[in-house]
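Chain residues, written in single-letter form:
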Amino acid sequence: MTTTLTESPTAPATTLALDVDGLSIGYANGPDAVSDVSLSVGPGEILGIIGESGCGKSSVGLSLLGLLPSSASVRARRMAVAGHDLVGRSDRDLHAVRGNDVSMIFQEPMNALNPVMRIGDQIVEVLRLHGRSAGRRADRAGERARALELLRLVQVPEPELRLRQFPHQLSGGMRQRVMIAVAMAAEPRLLVADEPTTALDVTVQAQILDLLRDLRDRTGTAVVLVSHDLGVIAETCDRVVVMYAGQVIEEGTPAEVLSAPGHPYTAGLLASVPTADHEPGTDLPTIRGGITADDRARAGCRFAPRCPAARTECGQPQALRPVPGDGRRVRCVLADITEEDR
Amino acid sequence: MNDPHDYLVYVEGLQQDFPARGGEPVRALDDVTFYVRRGETLGLVGESGCGKSTLARAALLLREPTQGRVIFDDTDTSSLRRGALRATRRRMQMVFQDPNDSLDPRFTVLRSVAEPLVAAGSGRAEARRRAAETLERVGVPADQHQRRPHEFSGGQRQRIAIARALAGDPDFLVLDEPTSALDVSIQAQILNLLQELQRERDLTYLFISHNLGVVRHLATRVAVMYLGRVVEIGPTEQIFRDPQHPYTRALLSAVPDPRGAARERIVLSGDLPSPRHRYPGCAFASRCWLATDECRTERPPLRDHVDSAGEHVAACHHAGSTTLPADLPVGPAATASTDPVTA
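This structure is a prediction, so every number in the text was calculated from the model and none was measured.

### Some remarks on the overall build of chain A
- Within chain A, the regular secondary structure consists of 10 helices and 13 strands.
- Rg of the C-alpha trace for chain A: 21 Å, near the compact-globule value of 20 Å for 342 residues, within the 12% margin.
- Once the C-alpha set of chain A is aligned to its principal axes, its extents read approximately 70 × 50 × 40 Å.
- By residue count, 49% of the 342 residues in chain A fall in the buried class.

### Overview of the overall build of chain B
- Along its length, chain B carries 10 helices and 12 strands.
- Its C-alpha radius of gyration of 21 Å places chain B within 12% of the 20 Å reference for a compact globule of 343 residues.
- On the principal axes, the C-alpha backbone points of chain B span a range of 65 × 50 × 45 Å.
- By residue count, 47% of the 343 residues in chain B fall in the buried class.
- Expressed as a percentage of contacts within chain B between residues at least 6 apart in sequence, the contacts between residues at least 24 apart total 65%.

### Description of helix α1 (residues 52–59) of chain B
- Of the positions making up α1(B), those classed as buried are K52(B), T54(B), L55(B), A58(B) and A59(B). Angularly, the buried residues of α1(B) cover 160° about the axis, an arc narrow enough to put them on a single face.

### So, the interface of chain A and chain B
- Listed per partner, the contact involves 43 residues of chain A and 33 residues of chain B.
- Those elements giving two or more residues to the side of chain A that touches chain B turn out to be α6 (172–184), α7 (202–219), α8 (230–236), α9 (254–259) and α10 (264–271) of chain A.
- Looking at the side of chain A that touches chain B, the element that brings in the most residues is α7(A), giving seven residues.

### Focus: helix α4 (residues 140–153) of chain A
Residues and elements named next belong to chain A.
- With 14 residues, α4 should cover 20 Å at 1.5 Å per step; its first-to-last C-alpha distance of 20 Å lies within 8% of that length.
- The set of residues buried in α4 consists of E143, R146, A147, L150, L151 and L153. Buried positions in α4, seen along its axis, are confined to an arc of 155° and lie on one side of it. Turned more than 90 degrees away from the buried face of α4 sit A141, A145 and R152, all of them exposed.
- On its buried face, α4 sits against α3 (119–129), α5 (159–163) and α6.
- With its phi angle positive at about 60°, Q155 sits one or two positions after the end of α4.

### Details of the confidence of the model for chain A
- With 94% of its residues at a pLDDT of 70 or more, chain A shows a mean pLDDT of 88.
- Counting interchain partners and residues more than four positions distant, the pLDDT-below-50 stretch residues 1–11 of chain A has 19 contacts.

### Some remarks on the sheet that holds strand β5 (residues 75–76) of chain B
Residues and elements named next belong to chain B.
- Here four strands make up an open sheet; going across it, the order is β2-β1-β4-β5 and the pairing antiparallel. Looking at which strands have only one partner, the edges of the open sheet turn out to be β2 (26–37) and β5.
- Pairing of strand β1 (residues 7–18) with β2, which is carried by eight bridges, proceeds in the antiparallel orientation. The partner of F18 across the bridge, within β2, is V26.

### What about the nonpolar core?
- Counting residues in each nonpolar core, the largest one holds 194 residues, and the members touching the most others are L18(A), A181(A), L190(A) and V224(A).
- If we skip the residues at most four places from it in the chain, L18(A) touches L39(A), S40(A), V41(A), L64(A), V81(A), L190(A), A222(A) and V224(A).

So, how was this worked out
Residues numbered from 1 in each chain as written. Chains lettered and ligands numbered in written order. Predicted model: local features only at pLDDT ≥ 70, side-chain atom pairs only at ≥ 80, totals over all residues. Helix = DSSP H or I, 4+ residues; strand = E, 2+ residues; numbered from the N terminus. Rg over C-alpha atoms; globule rule 2.2 N^0.38 Å. Buried ≥ 20, exposed ≤ 12 C-beta atoms within 10 Å, placed from the backbone. Contact = placed C-beta atoms within 7 Å. Arc of directions from axis to C-beta. Expected span 1.5 Å × (residues − 1). pLDDT = per-residue confidence, 0-100. Pairing = 2+ DSSP bridges. Core = buried A, V, L, I, M, F, W, Y, C linked by C-beta atoms within 7 Å.

What follows is the structure, given as structure tokens:
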């Protein structure tokens, strides 16, 4: 019980927090929900995964903890968290990785917190589960001190009082903080956050996003932030991947991807968000049609049926290619054609 | 300029109390006054628990207010008898965030849209004809009218819910977060549809949303609510360019921008205080970085601080009195302590 969050993690600091190569996820029927996704997240890096319903972003998040239903088939060439490979591991091995190397926070904290257990006990349970405390009588004082330290880390006011409270006695924002404290209890190298602020009001959302960045700065924990909200991703992440119909279609820094999108889908998505740039009361640009399951089986560009710039080459499979002159990668035939030549 | 005959809806001094176990009632609405002009969209913003939805129900005459009244189309609805009240209610409709709240999963969508017309006294054939017409108008083709809600996507279901609200040809529509559950590319389609319908049918909207970008795009004027009170109200462009109430400023600054545009950032500490507590002064004082003793004891009235002839008003003792940007702490943790009643 002497470890603190500022102490250096067990794996060397240069090991990638997450290293995924060629991840595909399929469910019982139909085409794969996720196809050939590769992701890497450095220590202390915040990676955003953005996309609309059905793009596969949540499946990717869940697979990193081995939390997909048993009916899902997960294939990958490599899938390592903090240097520990997850591919082909038993549930028992995964159990050791979960919590120690990687943990997860969700949109709705009430689904993750135990409603009939005091906050303090929920944190202590995690400490014991992951060998941070032997759970003996003599360890009690240390456990309590550590629980308080964690609540302070996530900036919960009056932590002594909160230890004795139940989840229903807390506000939504406070519950989200407590869930983050529980997730951080075993000092994971990677925190997966799936829509962590979607159910919160904007002023509380701003607090939680600040907290995630602050945690990263203080503990070096890397974060994968899954969200449909372009603004949340833009303001929080160091790097962003855009997913469409199960594939990564664009990757780069938020400044690159969201200020000058390289893929027509990213561009369409950005244009349809009402901002100060749109003349009030005018029609917003839209993306025609919608995603269907068939799109995920398409050999060529999966966005082509909806794309305003589609051409015959789009029927051919498209690789995620580096864009000349910047650090980004785009899955589109137009990516290396300059704006003027289109 | 401000002619009460322009108002389709005028809500005056509305107060709504709900009984609470072992204590004073919760005051969900506290002296709320505003109007909605004919053919305009009033955007209503604020965070959960601020009373937006309670206000919507009161404006739709679905619940008798503890105090105050609603004047609809120059008629004081508090004096209406049952038959007349029903007729008035039919001129008002609501669209919810979740279309499933207004569609029966067992009915074909045509029946769901036709049903309120039948209830209002139309013949079956006539009701079906008008329902089909409305469904086609919102973008649901005739060959899909016999399907049930589960066979449609979320966006299509919201179109059907809009058709159901519109079929009876109402004048006033309350839209309660109508696009919050939709993907952004679908959201844009629904917002465009709502704008087209408003122009075509001369509709008046009360548009409730926590999404300020959406409100900015759609609303003619915006009302900002905090803890059961309207703290600021004015033309959309002015509210966004020159917000007067510190809460409005904080709210606007908290919206993340996809293109990372530079903006003032005020991160409020703490959560919304409990509505069970009564605040003699300004309800926002516990989280406000400008709060003085006056704010904690004297309730600020809605006043014009910007010479707008009463068009843009805010309830703040400090609005307009100082040059706010200069003495405003920005960045994380810019504010005072957490409110003690927060839990």
